[in-house]
Amino acid sequence: MKFVLVLVTLLQYIGVLFGQIPGPCVEEETIKNTTCCPVPAHVSATAGPCGANLPTPRGKCVPISEIVEGLTNSSSSQDDPRQNWPYYFQSLCKCNGNYGGYDCGECIFGKTGDSCTKTTIITRKEIGSLTEEERDTYLAALKMAKSSEYTRFMAIKKETLPPQIVQLSLYNLFVWMHYYTGRENDLLRRPELTCTIRDYAHESGGFLPWHRRFLLWFERELQILAGNDNLFIPYWDWTKPSNREILLSDKWFGSSSSGVVSGDFGNWDTICWDYKTIVDCTNYQQLCDPTVYTGKLRRCPVDSQCKSNGPYWPTQQDVDDAIELSTYETAPYSYASEGFRSFVEGFVNNSCSPSTDALCSKDGISRRLHNNVHLILGMGSLNESMSIVPGVMAMVPAAANDPVFLSHHAMIDYIFELWLQKNANPSYSPSNKAIEPLRGHRAGDVLVPFIPLNTNIQLFRRAQAFGYQYAAENVQSESGIAAGVPVSCLGLFAIIIIVASHILVPTPESETEVVSTDRETKKH
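Let us look at the structure shown here. (Residues numbered from 1 in each chain as written. Predicted model: local features only at pLDDT ≥ 70, side-chain atom pairs only at ≥ 80, totals over all residues. Heavy atoms only, no water.)

Counting secondary structure elements, the chain contains 13 helices and 16 strands. By residue count, 60% of the 524 residues in the chain fall in the buried class. As displayed, the chain has an accessible area near 18600 Å², and 49% of this comes from carbon and sulfur atoms. (Helix = DSSP H or I, 4+ residues; strand = E, 2+ residues; numbered from the N terminus. Buried < 20%, exposed > 50% of the residue type's maximum accessible area, 1.4 Å probe, protein only. Areas by Shrake-Rupley, 256 points an atom, 1.4 Å probe, with all protein chains shown as cover.)

Take a look at the structure:
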């Protein structure tokens, strides 16, 4: 379903901005030169751009077409700059070996040490198997991410010189990123909407690679904020009623008997969640102000409804059926496609009836798996004025406001990993030859809005390449995967630039080298 300083506003180039870019690249002259190749000063003051002057060069400054083959960012539409990512820059750092980051001063994710030669793998566990200490550590980090000052990245708010900037917490920036990216695409949009802007993260082949990158980015930022390299996002196996009881309780993310979440997370304010207008295309094309709170966190109104083993919670059979599908994606590469991606995202069939299926859409698609969980947790509740208010998980742009989002998508990523494990040489679709409206979802398209750059095909790989794996908890039945055994993961107009100062991943010889998430050489 659907960071640290700010960029100086350059009116003659890009109009209004809501963005984040690498701190060393925020100077007006840097933007005018369209080059972001900083000196990794924490490595050496004389390292040169991208560490090129070191005895063992870490990288060099190159045109973006040398990072992602054939990439250009010449604007063809002033309405949606995302389609010309990275938009501001014609040159970025291309790092050597295991070095990474926007300045090549860090390591690729999964590597650490001064020379980035030490391998490190974290294991994401299922929420039901966490110790109390692990649970409390994770929840404390999330609360810190929501409430603490966060200065690694900031955002620009208004088109002024000097710019008016807004400092967001790490968690609110996470929410904003999903909000920005998850807007509608003219081709991919649901029939009941008439928006002509793209959703770069849902309803096509990029859904799983994009959310994998999203979770990797946030997980690493959370580790840095908490000062704990072993911190991980636990996944939530919602096929088990007992796990629903665990997660939807005040020991975890709060219950919601009144629709408003209870417990510690009941104090969380949401952003970018105007449930009355969020699917109104006139408003949908306008970016929200992330400094304006839009109400308390809401979830489904009746605990028994959320926790029950009713007909709409995904089942183990649903998971098994998805993993058995050998084809990743089929034409038309949208909500109406067949194959593994469409099944996991939740578009199972086109023959349901809205009159008999509560999770059937107007276009006759039965929502299952990923979409199903979003809709169950987002079922409407009565507010003080006795009108129906949906939970945030039901609204694609606002869904990441609910911390359940993280563990839910880690589960989706785990299923993706199991599928990659079962299919040794899977084919990604749509290909680079697919029609223009699919830009963002094609194999070689860059993932919006990350710097360093990634493409869908680079994230279409087993998770150990990115420094993490999963502890299996019988998520795939009768598959020969034993419980508790790690499985290698096996998430003009305004624009956002999320810059994860995360980095380069090893790439097969047949692929273009790109930047990906990382372990940092040193703490910031």
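Now that the structure has been shown, we can carry on.
Moving on, we come to the side chain of asparagine 454. Structurally, asparagine 454 can be placed in the loop between helix H12 (404–422) and helix H13 (456–459). Note on asparagine 454: relative accessible area 0%, which makes it buried.

Turning our eyes to something else, we now look at the nonpolar core. Among the nonpolar cores identified, the biggest contains 111 residues, and Phe218 and Trp238 are the most heavily contacted of them. Elements that contribute at least two residues to this core include exactly helix H3 (132–147), helix H4 (170–181), helix H5 (207–226), helix H9 (316–324), helix H10 (340–345), helix H11 (369–377), H12 and strand S15 (468–471). The element that contributes the greatest number of residues to this core is H12, accounting for 12 residues. Membership of the second largest hydrophobic core comes to eight residues, among which are Cys37, Cys93, Cys95 and Tyr99. (Core = buried A, V, L, I, M, F, W, Y, C linked by side-chain atoms within 4.5 Å.)

Before going further, it helps to spend a moment on the state of the cysteines. All chains considered together, the criterion is met by four disulfides. Across the disulfide from cysteine 107 sits cysteine 116; the S-S distance is 2.1 Å. With the S-S dihedral at roughly -80 degrees, the linkage between cysteine 107 and cysteine 116 falls on the left-handed side. By relative accessible area, cysteine 116 is classed as buried at 0%. (Disulfide = S-S within 2.5 Å.)

With that settled, consider H9. Along H9, the residues that are buried comprise Val319, Asp320, Ala322 and Ile323. All buried residues of H9 project into a common sector of 160 degrees when viewed along the axis, lining one side. Buried-residue contacts for H9 involve H10, H11 and H12. (Arc of directions from axis to C-beta. Contact = heavy atoms within 4.5 Å.)

Counted at 1.5 Å a residue, the expected span for H5 with its 20 residues is 28 Å, and the 28 Å between its end C-alpha atoms agrees. Across the 20 residues of H5, 18 count as buried, placing the element largely inside the fold. In the stretch just after H5, glycine 227 is the one whose phi turns positive, near 65 degrees. (Expected span 1.5 Å × (residues − 1).)

It is worth spelling out the sheet that holds strand S2 (residues 59–63) at this point. Within the open sheet, the three strands sit side by side as S1-S3-S2. Their pairing is mixed. Every other strand in the sheet has two partners, leaving strand S1 (35–36) and S2 as the edge strands with one partner each. In this sheet, strand S3 (residues 91–95) lies alongside S1 in parallel orientation, the contact comprising two bridges. Considered in S3, the bridge of threonine 35 is made with serine 91. (Pairing = 2+ DSSP bridges.)

So, about the environment of glutamate 245. Topologically, glutamate 245 is positioned in helix H6 (residues 241–247). Taking the C-alpha atoms as reference, glutamate 245 lies 9.3 Å from serine 255; in sequence the two are 10 residues apart.

Our next topic: the packing of H5 against H12. Their axes nearest at 10 Å, the elements H5 and H12 cross at an angle of 125 degrees. It follows that H5 is oblique to H12 by the angle criterion. When the axes of H5 and H12 are compared, the crossing they make is left-handed. On the side of H5, the interface is formed by Phe207, Leu208, Pro209, His211, Arg212, Phe214, Leu215 and Phe218, while H12 contributes Phe405, Leu406, His409, Ala410, Ile412, Asp413, Phe416, Glu417 and Leu420. (Axes fitted to C-alpha atoms, helices over the stretch in contact; angles between N-to-C directions. Parallel < 35°, antiparallel > 145°, perpendicular 65-115°, else oblique. Left-handed = near helix turned anticlockwise from the far one by under 90°.)

Another point: the pairing of S3. Most of S3 sits inside the fold, with four of its five residues counted as buried. Sheet analysis places S2 next to S3, joined by five bridges and oriented antiparallel. Bridge assignment links valine 62 to a residue of S3, and that residue is leucine 92.

Attention shifts here to the packing of H11 against H12. Viewed as axis vectors pointing N to C, H11 and H12 meet at an angle of 160 degrees, and their least axial separation amounts to 10 Å. Of the possible angle classes, the one that applies to H11 and H12 is roughly antiparallel. Crossing hand, H11 versus H12: right-handed. Across the interface between the two elements, His370, Val373, His374 and Leu377 of H11 pack against Val404, Phe405, His408, His409 and Ile412 of H12. The residue makeup of the contact of H11 with H12, split by class, is five nonpolar, four polar and no charged. (Nonpolar A, V, L, I, M, F, W, Y, C, P; charged D, E, K, R; others polar.)

Mapped onto the elements, threonine 294 comes out in strand S12 (residues 293–296). Overall, threonine 294 belongs to the partly exposed group, its relative accessible area being 25%. Residue contacts for threonine 294: discarding those within four places in its chain leaves Thr270, Ile271, Cys272 and Trp273. A distance of 3.2 Å separates a polar atom in the side chain of threonine 294 from the backbone nitrogen of tryptophan 273. (Polar contact = N/O pair within 3.5 Å; in protein donor to acceptor, adjacent residues only side chain to side chain.)

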